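# Remarks on the overall topology
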Amino acid sequence: MPSGRHFLQIPGPSNVPDRVLRAMDMPTMDHRGPGFAEVGRAALEGMRWVLGAEGRVVIYPSSGTGAWEAALVNTLSPGDSVLMYETGHFAALWKRLATRLGLNPIFIEGDWRGGADPAAIEARLREDTAHDIKAVCVVHNETSTGAVSPIAQIRKAIDAAGHPALFMVDTISSLASIEYRQDEWGVDVTVAGSQKGLMLPPGMAFNGISEKAIAASQSASLTRSYWAWDEMAGPNETGFFPYTPATNLLYGLSEAIAMLREEGLANVFARHARHAEATRAAVEAWGLEVLCREPAHRSDVLTAVLMPEGYSADNFRAVTLRNYDMSLGNGLSKVSDRVFRIGHLGDFNDLMLCGTLSGVEMGLRDAGVPHRAGGVLAAMDALGRIDAAGRISAQ
Ligand code: PLP
């Protein structure tokens, strides 16, 4: 084993803070005993706060994929059309899941270099005069490309088209890292996971649900059992679950939410914005290209970097892991071996960022990837110019 701490700089699972690790280091609890209700209630209430949602929240012991499936099977019926947007690998996986469930996804094609385009969504919905499309599904932060989709604008686009479809948003890699407001942005089902901005290990997933989505679930006829929201409703009212919850992850969730409350969500978002800005400064100084072309869509959670033509991103990542014990994200499917991804999310600070970028710069050198030195210096300079609120000073 190498000495020192491993640098886990993939875009999730993210580093789990020591406070959260300590909070989970507890004997397993009787999840049907009297002491559990408070744990369950606190987790559900805390998640409402993180989501910006007053309505129902469901917590599953599952990975994020489970919450994707839950969003669809609870609200839709076999053969229903769903409008999805190809922001990247995860949008494509959600679409594949919809197909396997017997839905009819309509995929707006994208080039994996930006977020979803509200105008394209509006145009497609306007064509659907019979209102066959029952849901619009968008990935907020596309983890495979580092592109953010403008959720509030997409809500406006759905309204401008006068379309009644449900609006479902995957916030698996955005929640608690970049701004998200379920109720204010008129989202009907939020899909979230524990292992990124929430700073927990993998193993829990969430649905935030609007009244409109609950109403839809009453007539939706896709087969569901484990994922059924109505099975959760009764037990959740008193802080319990119909089946065994991930008890120790729930302790961790309460601690993570306490940390987010102490820092304040606005500060958490500004911190992510600042680290993203500094990372992009480093990429620019190296003379490399950020995959997301549209500056306004560039993610504060991760940065996907294009390799120079003819150089293998996976070889560079392997060299960096071997020489510096740092894991970086790989390129997925369409961009396999073409990009590497730097995660700058969750429990993270300036020195961790500088360490990460130093590892990248030394890895580029060791792997013989053409670049200019000085990326880390550029990032340090950027950190000096961006204040804690994310504002960049003039000089
Ligand atoms: N959606 C997004 C945006 C993701 O980043 C991920 C995983 O990284 C998923 C969905 C799938 O979640 P999981 O791997 O937890 O099932």
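Here, every reference points to the structure presented above.
Here, residues in each chain are numbered from 1, in the same order as that chain's written sequence. The predicted origin of the model limits local features to residues at a pLDDT of at least 70 and limits the giving and counting of side-chain atom pairs to 80 or more, whereas totals for whole chains, interfaces and linings rest on all residues. The basis for the side-chain values is all heavy atoms of the structure; hydrogens and waters are excluded.

## Let's talk about the pairing of strand β2 (residues 56–60)
Most of β2 sits inside the fold, with 4 of its 5 residues counted as buried. Only strands joined by at least two bridges in the DSSP assignment are considered to pair. The way it works is that DSSP assigns letters per residue, a run of H or I at least four long becomes a helix, a run of E at least two long becomes a strand, and they are numbered from the N terminus. One ladder, built from 5 bridges, connects β2 with strand β10 (residues 205–209); its direction is antiparallel. Note on β10: the bridge partner recorded for Ile-59 is Phe-206. Here the term buried applies to any residue with accessible area under 20% of the maximum for its type, exposed to any over 50%, and partly exposed to those in between, with areas from a 1.4 Å probe on protein chains only.

## Considerations on the pattern of salt bridges
Criterion for a salt bridge: a side-chain nitrogen of Lys or Arg within 4 Å of a carboxyl oxygen of Asp or Glu. Scanning the model with the defined rule gives 20 salt bridges in all. Arg-113 serves as the salt-bridge partner of Glu-289, at 2.7 Å between the closest nitrogen and oxygen. Placement of Glu-289 in strand β11 (residues 289–290) and of Arg-113 in the loop between β4 (104–108) and α5 (118–127) is noted, with a sequence separation of 176 residues between them. Judged by its relative accessible area of 41%, Glu-289 is partly exposed. Under the relative-accessibility criterion, Arg-113 is labelled buried at 14%. Taking the shortest distance from any N to any O, the salt bridge between Asp-314 and Arg-317 comes out at 3.3 Å.

## Quick look at the pairing of strand β8 (residues 166–170)
Side-chain positions along a regular strand alternate between the two faces of the sheet. Counting buried positions along β8 yields 5 of 5 residues, so the element is predominantly enclosed. Burial along β8 is two-sided: the face carrying Leu-166, Met-168 and Asp-170 and the face carrying Phe-167 and Val-169 are both buried. Here 5 bridges tie strand β5 (residues 133–139) to β8, and the two strands are oriented parallel to one another. The residue bridging Val-136 from the neighbouring strand is Phe-167, located in β8. Of the pairings in the sheet, the one linking β8 to strand β9 (residues 189–193) comprises 3 bridges and is parallel in character. When the sheet's bridge partners are listed, Met-168 is paired in β9 with Val-189.

## Remarks on helix α6 (residues 151–160)
An α-helix turns once per 3.6 residues; consequently, residues spaced three or four apart project the same way. Among the residues of α6, those classed as buried are Ile-151, Ile-154, Arg-155, Ala-157 and Ile-158. Down the axis of α6, the sector holding all buried residues measures 160°, keeping them to one side. Only heavy atoms enter the contact rule, under which two residues are in contact if any of them lie within 4.5 Å. Where α6 is buried, its residues contact α5, β5 and β8. In this description, one arc is meant: the one made by directions from the helix axis to the C-beta atoms.

## Describing the nonpolar core
Within this scheme, the nonpolar core is defined by two criteria: the residues are buried Ala, Val, Leu, Ile, Met, Phe, Trp, Tyr or Cys, and they are joined through side-chain atoms within 4.5 Å. Counting 86 residues, the largest nonpolar core has Ile-59, Ile-121, Met-168, Leu-198 and Leu-253 as the members making the most contacts within it. Element by element, the count of residues in this core is highest for helix α9 (residues 247–263), at 8 residues. Non-local contacts of Leu-198, meaning those with residues more than four positions away in its chain, are made with Met-47, Val-50, Leu-175, Ala-176, Gly-193, Phe-206, Leu-253, Ala-256 and Leu-260. Of all hydrophobic cores here, the second largest spans 31 residues; its members include Ala-147, Val-283, Met-307 and Val-376.

## What to know about the site of the ligand
Nearness of a residue to a molecule or strand requires only that one of the residue's heavy atoms be within 4 Å of it. In the region of the ligand, 13 residues are neighbours, and Ser-63, Thr-65, Thr-143, Asp-170 and Lys-196 sit closest. The term polar contact refers here to a pair of N or O atoms within 3.5 Å; inside protein, the definition further demands a hydrogen-donor-capable atom paired with an acceptor-capable atom, and it admits residues adjacent in sequence only when both atoms are side-chain atoms. Gly-64 places a main-chain nitrogen or oxygen 2.8 Å from an oxygen atom of the ligand. Between the ligand and Thr-65, the relevant distance is 2.5 Å, taken from an oxygen atom to a side-chain nitrogen or oxygen of the residue. Note on areas: these come from Shrake-Rupley sampling with a 1.4 Å probe, and a residue is covered only by the protein chains present in the view. Considering the ligand on its own, with 390 Å² of exposed area, one finds that the protein chains cover 86% of that surface.

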